[in-house]
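Each chain, letter by letter, is given below.
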Amino acid sequence: MSDIVYLNGEFLPRERAKVSIDDRSFLFGDAVYEVLRAIRGRYFEPERHLARLAAGIRALELPDPAALGMDPMAAAGELLHRNALLEGEATVYIQVSRGAAPRRHAFPPPGTAPTVLVTVTPFAPRVEQRARGVAAILQPDVRWQRCDVKAVNLLPNVLANQRAAVRGAYEAILARGLTITEGTHTNVFAVVDNVIRTHPNGPWILPGITREVVLELAAGEGLAAREHPLDVEDLARATEVFLTGTTTDVMPVTAVDGTAVGAGRPGPVTSRLGELLQARLDAL
């Protein structure tokens, strides 16, 4: 973990960064967050990440840090410098909560300052996992109805991902009834009848940045792709399944619930999209 963090306008050693026990992120999960990828000090798709963060702030009616003169991205740049992470790769974590106030469900009085946290962490891409593929399991999607907001209320994701970890799998793929939505920390794609499919944006999934880029890459290659819901039977007959995410890139899934996907190895569509994404990352 990084040694220096940013908290409410200050750069502090991690051990000195403290958040009030009255903070609403701690009491209610009343906060949003964002994770960006930094490569040699440059960010991958920062405008899209910041647009998603801003959308979450608006959706939850959180105070805008900019109104208090706090710039999370400027803080991130300074943190990359102070933590000697301008070479290689790192992740940037930004969290904005409604702030500290006496515990009650309704919003605190206007003027309550948000709690703004920014941290940076060294990152190593999962090259070996991408080369061989990973296993996944299916789990029921019991999350709330606004999964498009990147809120810190992640307990259902945590429990599902723990079940995957116990079974030696990388990810839990979530289903509402028979409809595949996404993973606990990834978006899900499948190649069915030679068409790349993924759940359309909406309240049931997070509008993934890497998901959006991969759809653009597929279009640029002339690959057939549809934002159309998958069901459990579609997943079972898919010739390829893959995951996308900021720290996941394009990750082949070679088995679901112990059953091989396709030939049980990364397929040609997944591999090609992974190469194209990697070229975008390398170009930063």
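Residues numbered from 1 in each chain as written. Predicted model: local features only at pLDDT ≥ 70, side-chain atom pairs only at ≥ 80, totals over all residues. Heavy atoms only, no water.

A. The sheet that holds strand β5 (residues 89-97), seen in detail. Taken in spatial order, the 6 strands of this open sheet run β2-β1-β6-β5-β3-β4, and their pairing is antiparallel. Each edge of the open sheet carries a strand with a single partner, namely β2 (10-13) and β4 (42-43). Bridging between strand β3 (residues 31-39) and β4 involves 2 bridges; their strand directions are antiparallel. Bridge pairing in β4 places Ile-39 opposite Arg-42. Each of β1 (4-7), β2, β3, β4, β5 and β6 (115-122) touches helix α3 (residues 72-82); the most contacted strand, β6, lies at about 35° to it. (Pairing = 2+ DSSP bridges. Helix = DSSP H or I, 4+ residues; strand = E, 2+ residues; numbered from the N terminus. Contact = heavy atoms within 4.5 Å. Axes fitted to C-alpha atoms, helices over the stretch in contact; angles between N-to-C directions.)

B. Region of interest: empty space enclosed by the protein. Under the counting rule described, the total for this entry stands at 1 cavity of 30 Å³ or more. Taken as a whole, the largest cavity encloses approximately 40 Å³ of empty space. What lines the largest cavity is Thr-239, Glu-240, Val-241, Pro-252, Val-253, Thr-254, Val-261, Arg-265, Pro-266, Gly-267 and Thr-270. Secondary-structure elements contributing two or more residues to the lining of the largest cavity are β14 (240-245) and β15 (249-256). Of all the elements, β15 adds the most residues to the lining of the largest cavity, at 3 residues. (1 Å grid on protein atoms, 1.4 Å probe; cavity = no way out; pocket = protein on both sides within 12 Å on 5 of 7 lines; lining within 4 Å. Points joined across faces, edges and corners; volume = space filled by probe spheres on them.)

C. Main features of the pattern of salt bridges. Per the counting criterion, the structure on display carries 22 salt bridges. Among the ionic pairs, Glu-45 bridges to Arg-280, the shortest N-O distance being 2.6 Å. Here Glu-45 is found in the loop between β4 and α2 (46-59), whereas its partner Arg-280 is found in helix α8 (residues 268-282), with 235 residues between them in sequence. In this structure, Glu-221 and Arg-272 form a salt bridge, with 3.0 Å as the shortest nitrogen-oxygen distance. Separated by 51 residues along the polypeptide, Glu-221 in the loop between α6 (209-220) and β12 (225-227) and Arg-272 in helix α8 bring together distant segments of the chain. Owing to a relative accessible area of 33%, Arg-272 belongs among the partly exposed residues under this scheme. In this structure, a network of salt bridges that share partners links the residues Glu-45, Arg-48, Glu-212, Glu-216 and Arg-280. (Salt bridge = Lys/Arg side-chain N within 4 Å of Asp/Glu carboxyl O. Buried < 20%, exposed > 50% of the residue type's maximum accessible area, 1.4 Å probe, protein only.)

D. Region of the structure containing helix α5 (residues 155-166). Its 12 residues give α5 an end-to-end C-alpha distance of 16 Å, which sits within 8% of 16 Å, the value for a rise of 1.5 Å per residue. Considered for burial, the residues of α5 that qualify are Asn-157, Ala-160 and Ala-164. Along the long axis of α5, the arc covered by the buried residues comes to 75°, so they all point the same way. Opposite the packed face of α5, turned more than 90 degrees from it, sit the exposed residues Leu-155 and Val-166. Directly beyond the C-terminal end of α5, a positive phi value near 75° is found at Gly-168. (Expected span 1.5 Å × (residues − 1). Arc of directions from axis to C-beta.)

E. Quick peek at the pairing of strand β7 (residues 134-140). Sheet topology places β7 next to β15; 3 bridges connect them, and they run parallel. Residue pairing across strands places Ala-136 opposite Val-256, the latter belonging to β15. Each parallel crossover has a hand, and the one from β7 via α5 to strand β8 (residues 171-176) is right-handed. (Right-handed = clockwise from strand over helix to strand, strands pointing away.)

F. Local environment of the packing of aromatic side chains. Applying the stated criterion across every chain yields a total of 3 aromatic pairs. Plain terms: the ring middles of Tyr-6 and Phe-11 are 5.3 Å apart, the flat faces sit at 65° to each other, and that makes the pair edge-to-face. Overall, the relative accessible area of 6% leaves Tyr-6 in the buried class. Overall, the relative accessible area of 27% leaves Phe-11 in the partly exposed class. Plain terms: the ring middles of Phe-189 and Phe-242 are 4.8 Å apart, the flat faces sit at 10° to each other, and that makes the pair stacked. Taken together, the residues span a long stretch of sequence, with Phe-189 in strand β10 (residues 187-192) and Phe-242 in strand β14 at a distance of 53 residues. Each member of the pair, Phe-189 together with Phe-242, is buried. Between the NZ or CZ atom of Arg-82 and the centre of the ring of Phe-11, over which it lies, the distance is 4.4 Å. The lysine or arginine in question, Arg-98, covers the ring of Phe-107, its NZ or CZ lying 3.6 Å from the ring centre. (Phe/Tyr/Trp six-rings, centres within 6.5 Å; stacked < 30°, edge-to-face > 60°. Lys NZ or Arg CZ within 6 Å of the ring centre and 35° of its normal.)

G. Structural detail: the environment of Trp-144. By the element assignment, Trp-144 lies in the loop between β7 and α5. The exposure class assigned to Trp-144 is partly exposed, which follows from its relative accessible area of 40%. With 59 residues separating them along the chain, Trp-144 and Pro-203 place their C-alpha atoms 9.1 Å apart. Among residues more than four places away in sequence, those in contact with Trp-144 are Leu-60, Val-149, Ala-151 and Arg-176.

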